[in-house]
Structure formats: structure tokens, C-alpha cells
Amino acid sequence: MKLTCVSAELLIYNHLTRISQQRRRMFQRVKRFLYDLIVWSGIINYLTLLIRPMLRKIISKTKSSNYKVVDSSGASMDATLLQGKVFPPVRTSKILSISGMRIRKDDAFLCGYPKTGCHWMYEIMQMLTSGRAQLSKQGKELGGMIDLVPDIVLDSLPSPRILNSHLHYDELPKGVKENKTKIVLTVRNPKDTVVSHYNHHKVMTFMYGYDGKFDDYFELFMAGKLEFGDYFEHVLSWDRVMKTQNDNPVLMVSFEDLKARPVEMVRTVARFLGKSVTDQLAEDIVKACDFDVMKEKRKKEGGVDATMFRKGKVGDWRNWLTDSQSEAIDAVWREKMMACSYQPDY
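What you see is a predicted model; the values in this text were computed from it and never measured.

Chemist: Can you explain empty space enclosed by the protein? Please cite residues and give values.
Modeler: Following the criterion strictly, the structure yields two cavities of 30 Å³ or more and no others. Computed from the structure, the largest cavity encloses a volume of approximately 50 Å³. Lining the largest cavity, in full, are G112, Y113, T116, L185, T186, V187, R188, Y231, H234, V235 and W238. The element that contributes the greatest number of residues to the lining of the largest cavity is helix 12 (residues 231-244), accounting for four residues. Along the lines of polarity and charge, the residues of the lining of the largest cavity split into six nonpolar, four polar and one charged. Considered as a void within the structure, the second largest cavity measures approximately 30 Å³ in volume. Lining the second largest cavity, in full, are V69, M77, D78, A79, V86, H201, Y208, K225, L226 and E227. Among the residues making up the lining of the second largest cavity, the classes are represented as six nonpolar, one polar and three charged.

If you want it as C-alpha cells, here you go:
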């Protein structure tokens, strides 16, 4: 009798379990259908343009931080710590979802350490892709920043997309390798990079809440404690990728070369992406991507992008770094970076 009761209970349990599993599968199918319907409709692209002027407030209220980077004087910045690595203050679920992100055949990628000319290069790439010398409507973040932006926004972007990231190569979506996606890599000398990165964190208080001094920030930079990790290792890791892998074509473009030979570099990027560009279009793109032009336009729009533009110059580090700080960077470069494909021009 007891065995019969136990068997009946097991049958009922198994039946309820199957029903529960069927309901979950049905829920997932409905969820995916609605997701794909929203993406197909393109409504997200219109919504992002509407919320763009309010993005600063939205970020300040929705950011997610589980860690604080603290400098030697006690000033801290909000961040997310995952598997021993520091990221901007976003949900860990967002970071973990990146590897499975859907990549399209006609996507192009823009990668590089923060503040190495990524916004500049993003606009150049999207102008070459569209064939028009006009700044993007969404900007680099909402226009394809996979490290921060929700997947539904990225999936809603029309093809061809210019996706961008500050991650290492092995942290990019799996589909990047599978589709042999072309990657443009930006690099910039570490002295100007640390100055620009400091001002980036200072001005974006709504996201990081940092109000420290440059000397303390410099120590964090040299110790590799900032978001996306150590600058030197980031550059070296991409250098190894360029020298050892055959899955993805990678074009390295330095900030200094863009400043010195902008038209030539626009043509170089166009050839790499397989885009035809006339002399007139190349010159028009350079004019449209002039730093002051971009800064003024983004300032009028009132979006977060306006905070990303400061000076856009080579050599401003001389107004910030002490002789000992400059030499500290030189010493690390001599020790670790002399075999690197990129050698900085100060």
C-alpha cells in the first residue's frame, strides 16, 4: 500500500514537473517572440533618440555597482568587479551576456583602451559605412557600445553596425571569431591617455562619483586598477592578437597618426573596411570629425557624448605629468613594450 502511494506521488510529481517545464518553455518562446518583434519594429531606435538628452539622469539612477576603486587619499569611484577584473558600474549580468551576443555577418568592430580616440574613430567608421559625412544620431554609446548598452538596443540597430568595446580580444562575443569580423583598434600614447581618462572619470560624476586628485589617479592607472584593467597589458594583449591569430583582420590606428595625417588615415580605414571613398568624401569626413566640430554639435544635443570631448590634442600630458611621472611611464615602456607594434609619438 505504501509503495502504491509513493508511486502515485511520484507520478503526480513528474506530471506537475512536466507541466511546469512546458509552461517555462512556452514563456521563453513568447518572451523571445516579443523581443524579436520589438527588434524588428525598430521602435527602440526612435526611443533611444528621445531619451538621449536624459541619458545622464537615467544612468545616475539605474547604474549598478558592487565595488569601489579607492585611491591613496580615499577618493573612490563606483565600479563593478567580476572575476577579478574591474568594469564600469553596470550589472554583472550585462557583462556575462556579452560572449553570447548575436553578431551579424556585416558587423564591424571598434576596439581599444578607453580614451584612445574611440569616439573619433567611431564617427569616421560610420561615415565611411553610410557614405555621408554626417555625425551619427545615436553617438558611440547608444550606437553600439556592447560593454554598457542592453542587448535589445544593440539588436535593434540597423545593419551594417559599428559595434565598439574596450574589452580584450578573448572577451569579445564568440560570433566575432566565427564571422571573421573586421576589427579597427585604436591606440594612444599612455601619457595623454591617463590625462584624458582622469578627466573622463572626473566629469562623469553621475556615473562614477569620483572627485580625486590627478596624482592619486595616476597611481591607480600605473597599478592597473582602473576599469578594463592595465593599459600596458591591454595594448600588449592586442599586439599578441595581431601577431598570432588569423580569425579576424585587425587594423591598428594611432591617435597620433589620425591627428597628423587625417585624410590618409581615413583612406586607410576605408580600404580596410572595403569601402570606396572619393577624395572629396575623405576630406569632408575629416572636416565633419574635427574635434571642435564634434564637441560643439554634441554639446548642443545635450547628450552624454558631450562629456566625452575635452581637448583632443597630442602632448597635453605636459600640462599634467611631473617629470617623475613621465619617467615612470617611460620606465614601464622600456621594460615591457619595446617589442610592441605600437610605439608612441609624444
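Chemist: Pulling in residues and values, what's your account of the pairing of strand 5 (residues 162-165)?
Modeler: Here strand 5 shows a buried face lined by I162 and N164 and a second buried face lined by L163 and S165. Across four bridges, strand 4 (residues 108-112) lies against strand 5 in parallel orientation. Within strand 5, the position partnered with L110 by the bridge is N164.

Chemist: Please provide a residue-by-residue account of the sheet that holds strand 7 (residues 250-254), values included.
Modeler: Strand order in the open sheet formed by four strands is 5-4-6-7, with parallel pairing between adjacent strands. With one partner strand each, in any of the chains shown, strand 5 and strand 7 form the two edges of the open sheet. Within the sheet, the average angular offset between the axes of one strand and its neighbour, ignoring direction, is 25 degrees. Taken together, the five bridges between strand 6 (residues 182-187) and strand 7 define a ladder with parallel strand orientation. In the strand pairing of strand 7, L185 is matched with M252.

Chemist: Lay out the nonpolar core with the relevant residues and their values.
Modeler: Formed by 59 residues in total, the largest nonpolar core has its most connected members in F109, L172 and I183. Residues in contact with L172, not counting those within four places in the same chain, are S99, F109, C111, I146, S165, L167, I183 and W238. The next biggest cluster of nonpolar side chains, apart from the first, holds 28 residues, and it includes V184, F255, V269 and A270.

Chemist: Could you give an account of the sheet that holds strand 2 (residues 76-82), with specific residues and numbers?
Modeler: Taken in spatial order, the three strands line up as 1-2-3 in an open sheet, and their pairing is antiparallel. Every interior strand has two partners, whereas the edge strands, strand 1 (67-70) and strand 3 (85-87), have only one. Shown here is a sheet whose adjacent strand axes are inclined to one another by a mean of 55 degrees, direction ignored. Summarising the sheet, strand 2 and strand 3 pair through three bridges and their orientation is antiparallel. Across the sheet, the residue bridging to L82 is K85, located in strand 3.

Chemist: Go over helix 5 (residues 118-130) with me, naming the residues and quoting the values.
Modeler: Taking 1.5 Å per residue, 13 residues should reach 18 Å; helix 5 reaches 18 Å between its end C-alpha atoms and fits that length. Within helix 5, eleven of the 13 residues are buried, leaving the element largely enclosed by the surrounding structure. When helix 5 is considered as a whole, its buried residues turn out to be C118, H119, W120, M121, Y122, E123, I124, M125, Q126, M127 and L128. The positive-phi residue at the C-terminal boundary of helix 5 is G131, with phi of around 80 degrees.

Chemist: An account of the state of the cysteines is requested, with residue identities and associated values reported.
Modeler: Taken as a whole and assessed by the stated rule, the structure comprises zero disulfides. The structure places no disulfide on C111, whose sulfur is separated from the nearest cysteine sulfur, that of C118, by 8.6 Å.

Chemist: Tell me about the side chain of E123, and name the residues and values.
Modeler: In this structure, E123 sits in helix 5. For E123, a relative accessible area of 3% translates into the label buried. Of the polar contacts made by the side chain of E123, one reaches the side chain of Q126; its length is 3.2 Å.

Parameters and conventions
- For every chain, the first residue of its written sequence is number 1, and the numbers climb from 1 along that sequence.
- The predicted nature of this model means local features are confined to residues of pLDDT at least 70 and side-chain atom pairs, given and counted, to a pLDDT of 80 or more, with totals for whole chains, interfaces and linings taken over all residues.
- Hydrogens and water molecules were not included; the side-chain quantities draw on all heavy atoms of the structure.
- Of the two site types, the cavity is a set of points on a 1 Å grid over the protein atoms alone where a 1.4 Å probe fits but cannot get out, and the pocket is an open set with protein on both sides within 12 Å along at least five of seven lines, each lined by residues with an atom within 4 Å of a point.
- Grid points are joined across faces, edges and corners, and a volume is the space filled by probe spheres set on the points.
- Strands here mean DSSP runs of E at least two residues long; helices mean DSSP runs of H or I at least four residues long; both are numbered from the N terminus.
- Residues were grouped as follows: Ala, Val, Leu, Ile, Met, Phe, Trp, Tyr, Cys and Pro as nonpolar; Asp, Glu, Lys and Arg as charged; and all remaining residues, including Gly, as polar.
- Accessibility here uses a 1.4 Å probe with only protein chains present; expressed as a share of the type maximum, an area under 20% marks a residue as buried, one over 50% as exposed, and anything in between as partly exposed.
- Two strands form a pair only when DSSP identifies at least two bridges running between them.
- Axis lines are fitted through C-alpha atoms, for helices just across the contact stretch, and the angle between N-to-C directions can take any value from 0 to 180 degrees.
- Nonpolar cores are built from buried Ala, Val, Leu, Ile, Met, Phe, Trp, Tyr and Cys residues. Side-chain atoms within 4.5 Å join them into one set.
- We call two residues contacting when some pair of their heavy atoms lies within 4.5 Å.
- By definition here, a helix of n residues has an expected span of 1.5 Å times n minus one.
- Pairs of cysteine sulfur atoms within 2.5 Å are what we label disulfides.
- For the purposes of these results, a polar contact is taken to be a pair of N or O atoms within 3.5 Å, where, inside protein, one atom must be able to donate a hydrogen and its partner to accept one; residues adjacent in sequence count only when each atom of the pair is a side-chain atom.

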